[in-house]
Amino acid sequence: MPLDNGDTAGHRGQQVNGEVSGTPRLRGMGDPPLRGATAPGGSRTEVTAARWEPGAALGGEDVTPRGSPRGAGQRDEALMTELSELVQEVVKGSSWWERHGVDSSILACSFLLLPAGFLCLRSAQAIPFLAGVLTLGVVHHTLTVKGSHLASHYALTESKSWGKVWAIFFIELCSAFTVEQGTYNHVKIHHGYTNVIGLGDSSTWKLPFLNRYVYMFIAPLAVPILTPLVALDLLRNVEWKAALRTLCCMFLGIYCHYWLLLHVSGFQSPWSALLCMLLTRSLLAHPYIHVNIFQHIGLPMFAADRKPKRIHLMSLGVLNLPRNALLDWSFGHSLISCHVEHHLFPSLSDNMCLKIKPIVSQYLKQKKLPYNEDTYGSRLRLFLQRYEELMVHAPPITELVGVQ
């Protein structure tokens with residue numbers, strides 16, 4: 001199975017990106033740049049300034065800093081090639097179960113838990129009812145976050161035909177979003193231009209008119225409502241056949257959830273069913289939003305014509321969070337503890353990202369490249385303390401000297 005070292009946009013479309021398919025796209029505002037940002041572990045994210053060779057196009061090409069040795073770019077490419085070969089050996093030596101079976105089984109188990117969740121909601125007692133809410137909430141996020149994310153990268157299967165089917169199922173039917181815009185903005189833009197200002201800089205997650213506490217703790221509850229509304233707006237950018245298919249899938253997914261609450265769970269009124277839908281669909285919305293901002297914002301950002309080579313771009317601009325049983329199951333390793341590995345090799349499944357993690361971390365550290373890691377609590381404190389700098393003002397443009 002060939003490794004996909006990242007996709008770049010062949011053309012510039014609407015500049016909308018997100019860490020996971022099926023999310024609200026909200027554009028931030030610009031202001032004075034942040035200087036002297038601190039990375040996890042106290043390391044500074046602002047690197048010594050240098051001049052760069054101008055004139056790079058936006059077609060995903062990397063730029064070598066001016067003042068660096070002539071062969072620096074070739075050495076950077078050699079590093080990525082060497083790491084890719086090490087990872088490829090692991091992939092070739094892995095079974096189908098390791099490459100796709102583990103994650104497929106997690107998604108299948110989530111489907112099998114759906115009847116239990118809907119039936120628990122029939123109970124008039126608090127504990128079974130809450131168990132039903134918890135079950136449906138975890139299942140919903142497993143299908144819409146983990147499933148959609150893997151499907152957007154065609155990491156669920158090695159068949160492109162089935163990959164398209166799963167993408168439509170998880171992104172449109174389960175997540176109420178559109179495949180074309182979801183995959184383009186996430187795979188092509190965010191992954192192709194990770195932490196590049198105006199493209200893959202995660203600025204779509206910023207809502208500068210909200211204060212820190214509203215944004216971090218109240219606004220995530222609106223994600224289930226905003227997601228289909230944003231998807232409907234983005235349908236203007238796709239062909240009418242794709243738009244019609246998306247509308248049908250979105251309606252079918254939302255209506256099935258509503259119908260099951262009324263006829264299986266026994267809700268007596270439409271409003272109570274809709275309220276339960278909102279509750280279950282927003283159960284893990286807080287960590288969902290947090291993870292998407294924690295792992296990129298506050299790390300080095302680059303201008304489109306001044307970004308370093310891929311291996312440096314990903315090692316500098318991506319951060320891993322610690323293992324967490326609930327989030328690992330619902331979101332997947334590639335979004336939590338293996339995010340660096342995922343950005344370097346986005347076509348790999350969650351389980352394979354976890355398997356190559358020791359190799360990638362050891363290699364980057366051996367080559368004296370950054371390997372960013374921090375805890376969830378530490379990042380939460382950082383964003384609460386420096387919300388104005390990180391989420392309201394424009395991010396700084398980092399320029400590097402002698403990255404080799």
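Residues numbered from 1 in each chain as written. Predicted model: local features only at pLDDT ≥ 70, side-chain atom pairs only at ≥ 80, totals over all residues. Heavy atoms only, no water.

Colleague: Any details on the overall build of the protein chain? Residues and values, ideally.
Modeller: Within the protein chain one finds 16 helices and two strands. Looking at the protein chain as a whole, 55% of its 404 residues qualify as buried. When contacts within the protein chain are restricted to residue pairs at least 6 apart in sequence, long-range pairs at least 24 apart make up 76% of them. Of the roughly 17,100 Å² of accessible surface on the protein chain, a fraction of 63% belongs to carbon and sulfur atoms. (Helix = DSSP H or I, 4+ residues; strand = E, 2+ residues; numbered from the N terminus. Buried < 20%, exposed > 50% of the residue type's maximum accessible area, 1.4 Å probe, protein only. Contact = heavy atoms within 4.5 Å. Areas by Shrake-Rupley, 256 points an atom, 1.4 Å probe, with all protein chains shown as cover.)

Colleague: With reference to specific residues and values, describe a nonpolar patch on the surface.
Modeller: On the surface, Tyr 213, Phe 217, Ile 218 and Leu 221 cluster together into a nonpolar patch covering about 400 Å² of accessible area. Tracing the backbone through its elements, the reader meets Tyr 213 in helix α6 (residues 212-218). Here Tyr 213 falls in the exposed class, since its relative accessible area comes to 52%. (Patch = residues over 30% accessible without salt bridge, like charges linked within 9 Å, V, L, I, M, F, W, Y side chains within 5 Å. Salt bridge = Lys/Arg side-chain N within 4 Å of Asp/Glu carboxyl O.)

Colleague: Any chance you could break down the pattern of salt bridges for me, citing the residues and the numbers?
Modeller: This structure, assessed with the given rule, holds twelve salt bridges. Bridged by salt links that share partners, the residues Lys 164, Glu 172, Glu 180 and Arg 245 form one connected network.

Colleague: Describe the UniProt feature "transmembrane region" (unreviewed entry) in the protein chain, listing the residues and the values that go with them.
Modeller: The positions that UniProt labels "transmembrane region" (unreviewed entry) are, in the present scheme, residues 213-235 and 242-264. Taken end to end, residues 213-235 is 78% helix and 0% strand, and its two terminal C-alpha atoms sit 32 Å from one another. A helix fraction of 96% and a strand fraction of 0% characterise residues 242-264, whose end C-alpha atoms lie 32 Å from each other. (UniProt positions renumbered as here; feature names shortened; annotations may be inferred.)

Colleague: Describe the packing of helix α2 (residues 96-120) against helix α14 (residues 350-366), naming the residues involved and giving the relevant values.
Modeller: The interhelical angle for the contact between α2 and α14, taken along N-to-C directions, is 130°, at an axis separation of 7 Å. Regarding the angle of α2 to α14, the classification is oblique. Between α2 and α14, the contacting residues are Glu 98, Arg 99, Val 102 and Asp 103 on the first element and Asp 350, Asn 351, Met 352 and Lys 355 on the second. The residue inventory of the contact of α2 with α14, partitioned by class, reads two nonpolar, one polar and five charged. (Axes fitted to C-alpha atoms, helices over the stretch in contact; angles between N-to-C directions. Parallel < 35°, antiparallel > 145°, perpendicular 65-115°, else oblique. Nonpolar A, V, L, I, M, F, W, Y, C, P; charged D, E, K, R; others polar.)

Colleague: So what's going on with the nonpolar core? Residues and values would help.
Modeller: In this structure, Tyr 215, Met 216, Tyr 288, Ile 293, Phe 331, Phe 383 and Met 391 are the most contacted members of the largest nonpolar core, which totals 29 residues. Breaking this core down by element, the ones donating at least two residues are α6, α10 (285-294), α15 (376-385) and α16 (387-392). A total of six residues in this core trace back to one element, the largest contributor, which is α10. Among residues more than four places away in sequence, those in contact with Ile 293 are Trp 205, Tyr 215, Met 216, Phe 383 and Met 391. Listed in part, the 25 residues of the second largest apolar core include Leu 79, Val 90, Phe 302 and Leu 313. (Core = buried A, V, L, I, M, F, W, Y, C linked by side-chain atoms within 4.5 Å.)

Colleague: Pulling in residues and values, what's your account of the packing of aromatic side chains?
Modeller: By the definition in use, this model includes 14 aromatic pairs. Pairing Tyr 255 with Tyr 258 gives two aromatic rings, centres 6.3 Å apart and planes at 45°, and the pair type is tilted. Separated by three residues within a single helix, Tyr 255 and Tyr 258 lie in helix α8 (residues 240-263), roughly one turn from each other. Three or more aromatic residues joined by ring pairs form one cluster here, namely Phe 111, Trp 162, Trp 166, Phe 169 and Phe 170. (Phe/Tyr/Trp six-rings, centres within 6.5 Å; stacked < 30°, edge-to-face > 60°.)

Colleague: A description of the packing of α10 against α15 should follow, citing residues and the corresponding values.
Modeller: At a minimum axis distance of 11 Å, the contact between α10 and α15 shows a crossing angle of 80°. Between α10 and α15, the angle falls in the class roughly perpendicular. The segment α10 lies against α15, with His 286, Pro 287, His 290, Val 291, Ile 293 and Phe 294 engaging Tyr 376, Arg 379, Leu 380 and Phe 383. Of the residues in the contact of α10 with α15, the class split is seven nonpolar, two polar and one charged.

Colleague: An account of the confidence of the model for the protein chain is requested, with residue identities and associated values reported.
Modeller: On average, residues of the protein chain score 84 in pLDDT, and 80% of them reach the 70 mark or higher. Predicted confidence is poor over residues 7-67, with pLDDT under 50, and the contacts of this stretch with residues over four places away or in other chains come to 197 contacts. (pLDDT = per-residue confidence, 0-100.)

Colleague: Residue-level account of α10, with values.
Modeller: The α-helix advances 3.6 residues per turn, and as a result positions three or four apart in sequence lie on the same side. Counting buried positions over the ten residues of α10 gives ten, a clear majority of the element. Among the residues of α10, those classed as buried are Ala 285, His 286, Pro 287, Tyr 288, Ile 289, His 290, Val 291, Asn 292, Ile 293 and Phe 294.

Colleague: Lay out the environment of Ala 131 in plain terms, naming residues and giving numbers.
Modeller: Note that Ala 131 resides in helix α3 (residues 126-152). Remark: the alpha-carbon pair of Ala 131 and Phe 118, spanning 13 residues in sequence, is separated by 9.9 Å.

Colleague: Before we move on, could you go through unusual backbone geometry and cite the residues and values that matter?
Modeller: A positive phi angle, near 60°, is found at Ala 176, a position not held by glycine. Tracing the chain through its elements places Ala 176 in the loop between α4 (160-174) and α5 (179-191). Even without glycine at this site, Asn 195 takes up a positive phi of about 60°. For Asn 195, the location among the structural elements is in the loop between α5 and α6. Judged by relative accessible area, which is 0%, Asn 195 ranks as buried.

Colleague: Describe in detail the side chain of Thr 227, supporting the description with residues and values.
Modeller: Its location among the elements puts Thr 227 in helix α7 (residues 223-234). Given the relative accessible area of 4%, Thr 227 is considered buried. Looking at Thr 227, its side chain comes within polar contact range of the main-chain oxygen of Val 223, at 2.8 Å. (Polar contact = N/O pair within 3.5 Å; in protein donor to acceptor, adjacent residues only side chain to side chain.)

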